Amino acid sequence: MPLPTSAEAPPRAASPMTQNTHSAPSTTSAAPIADSYSLSDLVCFAHLHWDFVWQRPQHLLSRFAQKGRVFYIEEAFIHPDQVEPHLEIKDRQNGLKVVVAHLPTGLDEASSNQIQQNLLKQYFADNAIKQYIFWYYTPMALDKSRDFTPALTVYDCMDELANFKFAPPRLRQLEQELFERANLVFTGGQSLYEAKSKQHTDAHAFPSSIDKDHFGLARTEMLDPQDQASIPHPRIGFYGVVDERLDIELLGQLGAAHPEWQFVIIGPIVKIDQNTLPRTANIHYLGSKDYKELPTYIHGWDVATLLFADNESTKFISPTKTPEYLAGGKPVVSTPIRDVVRPYGELNLVQIAANAEDFAKAIEIALKQKDDADWQRRTDEYLGTISWDLTWEAMVNLMQQKLAAKNTGSNGAS
């Protein structure tokens, strides 16, 4: 996922004292893990805002929060004027705490990191956070956290962030340091595992998984959302962050060549100029939607797509939306993303096409596929082998094994 730029000041007033706000989208269901759960407090450092898009961090950490305290440390919020540095605490799913540092403008990087570290140390002391696990999504957070002493360090590498637009120059250097500190490395896909396992001796692939119950709602009778209801069929859908990973040239070619199809694009537009997006009458940009709303949109589509470009930012992606689309009962057409080709393309569950002409032919096949009982049966059999619950439990088991090895004097470091 993209690396967001520093946030702008919020419209609400902020006081120097710690604040609490209460709002949260719908949570996902999670089967309880065995009674052997024994992990400490979990402190996550992330480059993604918790309330931005519901994806891998939210799926996993909301499950950790069912078993213990979880603190989600976002990037600092930079005010355009002078403000006393302070932490804002926001309550989210299952008691999870989102922690945001508020800082004045004009600080250099070193000062910003030092202030954030001091704020976190005080917060740890005030909340008796003594035994804790560090869970990283961004190596950039090392500059404000390297002086702490976690019982275990996990790097959940969900993307090759260094390949993304506007990636910080020091990211690769800090990632190497994080590899040296991490006890475990998890990757968001098989391709990423093949790259990162060369850099860490205890890496494990955990590809994108699925909340089948949630997306399975798309197979039930649902009212079409108001902003989609007037769009004719056939509808060709996509949801996700609209950024440098979206193949806007392919989208434009498809829209121009097939005015009989309606392309529904859902998601926030970030890091790219909106004026570069194709604007034919049959391409509809509906903006961001809450996670709980997605099944209602998928229900009204005829085909779902993964319109990803072939560039550095998509080299290692493992799109969560692939199994989500399938769980919603929709045929899927994708560009040849490696972690979609393997296994979905190889199992003939998803149509793969590399150019506009072939993509259009694949959409024509997919439009008929929704009535293919054998395809649906094979799809559901595969989806029955994956879930976020299973992914989370496997991660917990590895973490507990690593902690046990450290506590008994075995080599628990990387």
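Cut-off values and rules
- Residues numbered from 1 in each chain as written.
- Predicted model: local features only at pLDDT ≥ 70, side-chain atom pairs only at ≥ 80, totals over all residues.
- Heavy atoms only, no water.
- Helix = DSSP H or I, 4+ residues; strand = E, 2+ residues; numbered from the N terminus.
- Polar contact = N/O pair within 3.5 Å; in protein donor to acceptor, adjacent residues only side chain to side chain.
- Buried < 20%, exposed > 50% of the residue type's maximum accessible area, 1.4 Å probe, protein only.
- Pairing = 2+ DSSP bridges.
- Right-handed = clockwise from strand over helix to strand, strands pointing away.
- Axes fitted to C-alpha atoms, helices over the stretch in contact; angles between N-to-C directions.
- Left-handed = near helix turned anticlockwise from the far one by under 90°.
- Contact = heavy atoms within 4.5 Å.
- Nonpolar A, V, L, I, M, F, W, Y, C, P; charged D, E, K, R; others polar.
- Salt bridge = Lys/Arg side-chain N within 4 Å of Asp/Glu carboxyl O.

A. The arrangement of the side chain of Gln93 in detail. Note that Gln93 resides in the loop between β5 (86-91) and β6 (97-103). At 2.9 Å, the side chain of Gln93 and the side chain of Trp50 are in polar contact.

B. Looking closely at the pairing of strand β9 (residues 184-187). Here β9 shows two buried faces, one formed by Leu184 and Phe186 and the other by Val185 and Thr187. With four bridges joining them, strand β8 (residues 152-157) and β9 adopt parallel strand pairing. When the sheet's bridge partners are listed, Tyr155 is paired in β9 with Val185. When β9 meets strand β10 (residues 203-205), the two strands line up parallel, connected through three bridges. Residue pairing for β10: Val185 is matched across the bridge by Ala203. Since β9 and β10 lie parallel, the crossover through helix α4 (residues 190-196) that links them has a hand, and here it is right-handed.

C. Inspection of the packing of helix α1 (residues 56-64) against helix α13 (residues 388-407) at higher detail. Following both chains from N to C, one finds α1 and α13 inclined at 65°, their axes separated by 10 Å at the closest point. Our pair here, α1 against α13, has a crossing hand that is right-handed. Judged by residue contacts, Arg56, His59, Leu60, Arg63 and Phe64 of α1 engage Trp388, Asp389, Thr391, Trp392, Met395, Val396 and Met399 from α13. Split into classes, the residues belonging to the contact of α1 with α13 amount to seven nonpolar, two polar and three charged.

D. Highlighting the pairing of strand β7 (residues 132-136). Within β7, five of the five residues are buried, which leaves the element mostly enclosed by the surrounding structure. A two-sided burial pattern is seen for β7, the buried positions comprising Tyr132, Phe134 and Tyr136 on one face and Ile133 and Trp135 on the other. The sheet contact formed by strand β2 (residues 41-45) and β7 spans five bridges and is parallel. Opposite Leu42, over in β7, you have Ile133 as the bridge partner. By the bridge criterion, four bridges tie β7 to β8 in an arrangement that is parallel.

E. Seen up close, the pattern of salt bridges. Enumeration over the complete set of coordinates arrives at 23 salt bridges. Between Lys402 and Asp202 there is a salt bridge, with the nearest N and O atoms lying 2.7 Å from each other. Here the residue Lys402 occupies a position in helix α13, and Asp202 occupies one in the loop between α4 and β10, the gap between them amounting to 200 residues. Under the relative-accessibility criterion, Lys402 is labelled buried at 11%. With a relative accessible area of 18%, Asp202 lands in the buried category.

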